[in-house]
Amino acid sequence: MPELPEVETVVRDLRESLVGRTFQSVRIGRKRLRRPWSSAWNRQLIGCTVAGVQRRGKWILIDLGGPWLVAHLGMTGQLRVVPTIAPRQDHTHVIGCLDRGLELRFRDPRRFGSISYFADQAGVDAFFTADRLGPEPFALDPAGWRESLKRTRRCLKAVLLDQTVIAGVGNIYADEALFEARLHPTLTANGVTLHQADALRRAVVRVLKRAIARRGSTIRDYLDGNGKAGGYQHEFRVYGRTGQPCSRCKTPVASIRLAGRSTHFCSGCQRA
DNA sequence: ACAGGATCCTGGGGGC
DNA sequence: TGCCCCCAGGATCCTG
């Protein structure tokens, strides 16, 4: 569910609510996550104070001043700081009990997400190698991006979803960026012109920034770090708008399956 | 090597 | 109301 704008929103919220808090104990549910929580980490966490919260791609990094917590929200994950007395929802898998009567809760109905403990920075660095995560969209080197496209015969949609090429883009923002750049999702990456490659890179950045400004998109499950919905779903141009007229040219928005994901585009504005 | 498909899950919505 | 099928914002493993 959550892509870069949603994760960025959660990270900003957690900075407000989590920095300065100290873990006093940890409680764990029975069901295993994508990357199982090790009970050995419970003791390690006790006494750790949160120094900062960062984002890398769709990953949330909680800085404990040496050790780190690294979380991924998968499709339905939520990470929130709530009062201890707040009712505990279903599918709450990890609870970090904090000072001041607060808890950090990781909730995830589908359990495609995860939260893991790393003892030090080196462990985090070893996890985020280039074969797992590529450059941030906002720091993407234009020449490097062009090279990445030149290097593959996959379609543009598949490349945008590849976290090792560009970190943080998911199914919604891939479709929205391709519309913004007026590029057809099936175009072969190594066939686009330099101008088109640049246009796509800039479109990704614009769409992501707009979505962050609206605190992400809520279709069904996504909630920010305060438990509130985002607003960018009201600004979708193609995603989830199959059959509705394109806001630019009135051609009905088309939907196909690409790289295993539903893909939305306007055949009038985005030429194959 | 690379591209595409299957897989891990739960829950909601549509059709019957 | 219930059942069955399909679908969903992601990452990773397997196959051809």
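Thresholds applied
Residues numbered from 1 in each chain as written. Chains lettered and ligands numbered in written order. Predicted model: local features only at pLDDT ≥ 70, side-chain atom pairs only at ≥ 80, totals over all residues. Heavy atoms only, no water. Helix = DSSP H or I, 4+ residues; strand = E, 2+ residues; numbered from the N terminus. Rg over C-alpha atoms; globule rule 2.2 N^0.38 Å. Buried < 20%, exposed > 50% of the residue type's maximum accessible area, 1.4 Å probe, protein only. Contact = heavy atoms within 4.5 Å. Core = buried A, V, L, I, M, F, W, Y, C linked by side-chain atoms within 4.5 Å. Near = heavy atom within 4 Å. Polar contact = N/O pair within 3.5 Å; in protein donor to acceptor, adjacent residues only side chain to side chain. Nonpolar A, V, L, I, M, F, W, Y, C, P; charged D, E, K, R; others polar. Axes fitted to C-alpha atoms, helices over the stretch in contact; angles between N-to-C directions. Parallel < 35°, antiparallel > 145°, perpendicular 65-115°, else oblique. Left-handed = near helix turned anticlockwise from the far one by under 90°.

A. Main features of the overall build of chain A. Helix and strand content of chain A: 7 helices and 10 strands. Against the globule reference of 19 Å for 272 residues, chain A gives a C-alpha radius of gyration of 20 Å, in line with a compact fold. With the C-alpha coordinates aligned to their principal axes, the bounding extent of chain A is approximately 55 × 35 × 30 Å. Here chain A, with 272 residues, has 54% of them falling under the buried criterion.

B. Focus on helix α6 (residues 171-180). For α6, a buried count of 10 out of 10 residues is recorded, marking the element as mostly surrounded by other parts of the structure. Residues of α6 that are buried: N171, I172, Y173, A174, D175, E176, A177, L178, F179 and E180. Looking at the buried residues of α6, the elements they touch are α1 (4-18), α5 (156-161), α7 (194-213) and β10 (261-265). Positioned one or two residues after α6, R182 has a phi angle of 60°, which is positive.

C. Summary view of unusual backbone geometry. Even without a glycine there, the phi angle at H91 is positive, about 65°. Residue placement: H91 occurs in the loop between β5 (78-83) and β6 (92-98). Among the residues examined, H91 registers a relative accessible area of 37% and is labelled partly exposed. The phi dihedral of A259 is positive, around 50°, even though this residue is not glycine. Note that A259 resides in the loop between β9 (254-258) and β10.

D. Just the nonpolar core, in detail. The biggest cluster of nonpolar side chains holds 32 residues, and the ones touching the most others in it are W145, L156 and L200. At 8 residues, α7 tops the list of elements feeding residues into this core. Every residue in contact with W145, bar those within four places of it in the chain, is listed here: L140, L160, V165, I166, A197, L200 and R201. If you look at the next biggest cluster of nonpolar residues, it comprises 30 residues, including L33, V53, L64 and F106.

E. Expanded view of the protein's contact with DNA strand B. What surrounds DNA strand B is the set K31, H91, P109, R110, R111, F112, T152, R153, R154 and R220. Within 4 Å of the protein, atoms of DNA strand B come from sugar and phosphate in 60% of cases. Measuring from a sugar or linking oxygen of DNA strand B, one finds a side-chain N or O atom of R111 at 2.9 Å. Of the residues assigned to the surface near DNA strand B, the class counts are 2 nonpolar, 2 polar and 6 charged.

F. Spotlight on the environment of P185. Position of P185 relative to the elements: it lies in the loop between α6 and α7. For the pair P185 and L18, spaced 167 residues apart in sequence, the C-alpha to C-alpha distance is 39 Å. With residues up to four places along the chain from it excluded, the contact list for P185 reads C155, L156, K157, L178, L258, T263, F265 and Q270.

G. Structural view of the packing of α1 against α7. Across the interface, α1 lies against α7 with an axial gap of 9 Å and an inter-helix angle of 40°. Put simply, α1 runs oblique to α7. For α1 against α7, the interelement crossing comes out right-handed. Residues L4, P5, E8, T9 and R12 of α1 pack against L208, A211 and I212 of α7. Within the contact of α1 with α7, the residues separate by chemical class into 5 nonpolar, 1 polar and 2 charged.

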